[in-house]
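# Coordinate analysis (summary)
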Amino acid sequence: IRWWFPLAFFFAPFLELLQIGQINLISSFGGLLMLIYADSIPGLSGLGLVLGAITKFTPAIFLVYLAFRRYWRVVIWALVILMLAYGLAFLLFGWQMPLRFVESVNSLTHLFMPGPNSNALVSSLVSLGWIQQSAWPEMQNLLLVWVAIACAVSGTSAWRTNQWEPFFIVLSLGTAVSPNHMWYH
């Protein structure tokens, strides 16, 4: 059912992002391109995925979704476009910038940002007092395992039933609540 992609894209979060000018707008637009053109224009779909992933990184998880759906042309296009982007970054800035991106992603997985603005479930649990702040690394790892299991079960179910929207939703929600600081950068 394709009608809900534009509905979700032009819903209040999109309009709010447009109003305040956040980079999430670019990530959302990239995700929309990926979804709309996966069947018809794999190069544009791959470009959308890369656009989302280089601005927020977490949309890279949708490579799993595309692989489950067997959209191999989109996956290949996304990887080629990503390699071209890294090549361009190398030509313009040397190897320092592409390596810095990888180092930044790694360091973000070890940050903890409690508070009301955090999307991460672990941060919310700490803010509510349900877990101690000192226990967040263990809880974060436990949550990541739980999300991975939920995504694997959902993906297997989608593969067997050929109903992909629930898998996309589970993957999206898992991506939104699992990172502690990843979505913000």
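Predicted model only: the values in this text are computed from it and were never measured.

## A short note on the nonpolar core
Among the nonpolar cores identified, the biggest contains 26 residues, and Met-34, Phe-62, Tyr-65 and Leu-66 are the most heavily contacted of them. Of all the elements in the fold, those that place two or more residues in this core are helix 3 (24–37), helix 4 (42–56), helix 5 (62–68), helix 6 (72–93), helix 8 (121–127), helix 9 (136–161) and helix 10 (165–177). The biggest single contributor to this core is helix 9, with five residues. With near-sequence residues (within four places) excluded, Phe-62 lies in contact with Met-34, Leu-49, Phe-168, Leu-171 and Ser-172.

## Regarding unusual backbone geometry
Phi at Arg-70 is positive, roughly 65 degrees, even though this residue is not glycine. Structurally, the position occupied by Arg-70 is in the loop between helix 5 and helix 6. A positive phi angle, close to 60 degrees, is found at Asn-162, a residue other than glycine. Mapping Asn-162 onto the fold places it in the loop between helix 9 and helix 10.

## Some words on helix 3
Its 14 residues give helix 3 an end-to-end C-alpha distance of 20 Å, which sits within 8% of 20 Å, the value for a rise of 1.5 Å per residue. Listed in full, the buried residues belonging to helix 3 are Asn-24, Ser-27, Gly-30, Leu-32, Leu-33, Met-34 and Leu-35.

Conventions we followed
For every chain, the first residue of the written sequence is number 1, and numbering continues from 1 onward in sequence order. Local features in this predicted model are restricted to residues of pLDDT 70 or higher, and side-chain atom pairs are both shown and tallied only at a pLDDT of 80 or more, whereas totals for entire chains, interfaces and linings draw on every residue. Hydrogens and waters are ignored; side-chain quantities use all the structure's heavy atoms. Only buried Ala, Val, Leu, Ile, Met, Phe, Trp, Tyr and Cys residues count toward a nonpolar core, and they belong to the same one when joined by side-chain atoms within 4.5 Å. Only protein chains enter the accessibility calculation, which uses a 1.4 Å probe; a residue is then buried when its area is under 20% of its type maximum, exposed when over 50%, and partly exposed in between. Numbering of helices and strands runs from the N terminus; a helix is a DSSP stretch of H or I covering at least four residues, while a strand is a stretch of E covering at least two. Contact criterion: two residues are considered in contact whenever any of their non-hydrogen atoms come within 4.5 Å of each other. A helix is expected to span 1.5 Å multiplied by its residue count minus one.

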